[in-house]
Structure formats: C-alpha cells, structure tokens
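Chain and residue survey
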Amino acid sequence: MILEAAILQVKSGTETEFEETFRRASAIISSMKGYISHELQRCMEAEGKYLLLVQWETLGDHTIGFRQSPQYQEWKELLHHFYDPFPTVEHFEKVTL
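Described in the following lines is the structure provided in the data block. (Residues numbered from 1 in each chain as written. Predicted model: local features only at pLDDT ≥ 70, side-chain atom pairs only at ≥ 80, totals over all residues. Heavy atoms only, no water.)

**Points about the sheet that holds strand β4 (residues 89–93)**
On the basis of which strands lie adjacent, the open sheet formed by 4 strands has the order β2-β3-β1-β4 and antiparallel pairing. Since the sheet does not close on itself, it has two edges, and those belong to β2 (35–42) and β4, each with one partner. Going across the sheet, the axis of each strand differs from the next one's by a mean of 20 degrees, ignoring polarity. Against the sheet, helix α1 (residues 15–29) engages β1 (2–9), β2 and β3 (49–56), with an angle of about 175 degrees to β2. On top of the sheet, helix α2 (residues 59–66) reaches β1, β3 and β4; it is set at about 150 degrees to β4, its chief contact. (Pairing = 2+ DSSP bridges. Helix = DSSP H or I, 4+ residues; strand = E, 2+ residues; numbered from the N terminus. Axes fitted to C-alpha atoms, helices over the stretch in contact; angles between N-to-C directions. Contact = heavy atoms within 4.5 Å.)

**Quick word on α2**
Among all positions in α2, only Asp61, His62 and Phe66 are buried. Axial view of α2: buried residues confined to an arc of 95 degrees, hence all on one face. Where α2 is buried, its residues contact β1, α1, β3, α3 (70–79) and β4. (Buried < 20%, exposed > 50% of the residue type's maximum accessible area, 1.4 Å probe, protein only. Arc of directions from axis to C-beta.)

**Structural notes on the packing of aromatic side chains**
Applying the stated criterion to the full structure yields 10 aromatic pairs. Judged by centre distance (5.2 Å) and plane angle (80 degrees), the ring pair of Phe66 and Tyr72 falls under edge-to-face. Residue classification places Phe66 among the buried positions, given a relative accessible area of 2%. Judged by its relative accessible area of 13%, Tyr72 falls in the buried class. What links up through ring pairs into an aromatic cluster is the set Phe18, Phe22, Tyr35, Tyr50, Trp56, Phe66, Tyr72, Trp75, Phe82, Tyr83 and Phe86. (Phe/Tyr/Trp six-rings, centres within 6.5 Å; stacked < 30°, edge-to-face > 60°.)

**Brief notes about the nonpolar core**
Of all hydrophobic cores here, the largest spans 21 residues; its most connected members are Phe18, Phe66, Trp75 and Leu79. Broken down by secondary-structure element, the contributors of at least two residues to this core are β1, α1, β3 and α3. Of all the elements, α1 adds the most residues to this core, at 5 residues. (Core = buried A, V, L, I, M, F, W, Y, C linked by side-chain atoms within 4.5 Å.)

**Some words on the packing of α1 against α3**
For the pair α1 and α3, interaxial distance at closest approach is 10 Å and the crossing angle is 175 degrees. The angle between the axes of α1 and α3 places the two elements in the roughly antiparallel class. On α3, the residues touching Phe18, Thr21, Phe22, Arg24, Ala25, Ser26, Ile28 and Ile29 of α1 are Gln71, Glu74, Trp75, Leu78 and Leu79. Taken together, the residues of the contact of α1 with α3 sort by class into 8 nonpolar, 3 polar and 2 charged. (Parallel < 35°, antiparallel > 145°, perpendicular 65-115°, else oblique. Nonpolar A, V, L, I, M, F, W, Y, C, P; charged D, E, K, R; others polar.)

Here's what the structure looks like:
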C-alpha cells in the first residue's frame, strides 16, 4: 500500500465551496483502479489549510493510472482552481516496526 499525502492551501473565502466540490470529486477518485480509501482533514490552526490522504495499492495506480486518465482531467477542472499555491504531493510507504 502507498499513502499519497498533500497539503492543500485553499484560497480564502472559498473553503465551503471547496468542501462541497471535493465531496462530488470524491466519486471520481474512488472509482479508480488501485484506489483503497481517502480522507480530507481541515487544519484547526490555519484557515484554508487541508490535508488530503489517499491510499493506493501501488504508486503507479496514482501516478500513471489516475494522473494520466480522463477522470483526472475532470478532477483538475473541479478542484485545482481552489489552490494557492499549488500543492506538493508526496508518497509514503509503511515502515515495518
């Protein structure tokens, strides 16, 4: 399993619209091959700041399967105009302890 993590800074005053749009966009990502789960969390200390966590079966399911799909174009149209600056996305794998 791979964990995708992104800090999303949403433009001031658009938070409610962003959350509503994200709910709709969730159907897109959850329909993709290799998708396991996702969650969006709102920062308590910084207005407009969110944490997006997505679990994928493999890195390629996200970077190739999703990002190179027609569905990603729809995702972008719905969400990318909310971000300033554009988020950095990182991928993590679990460390066995």
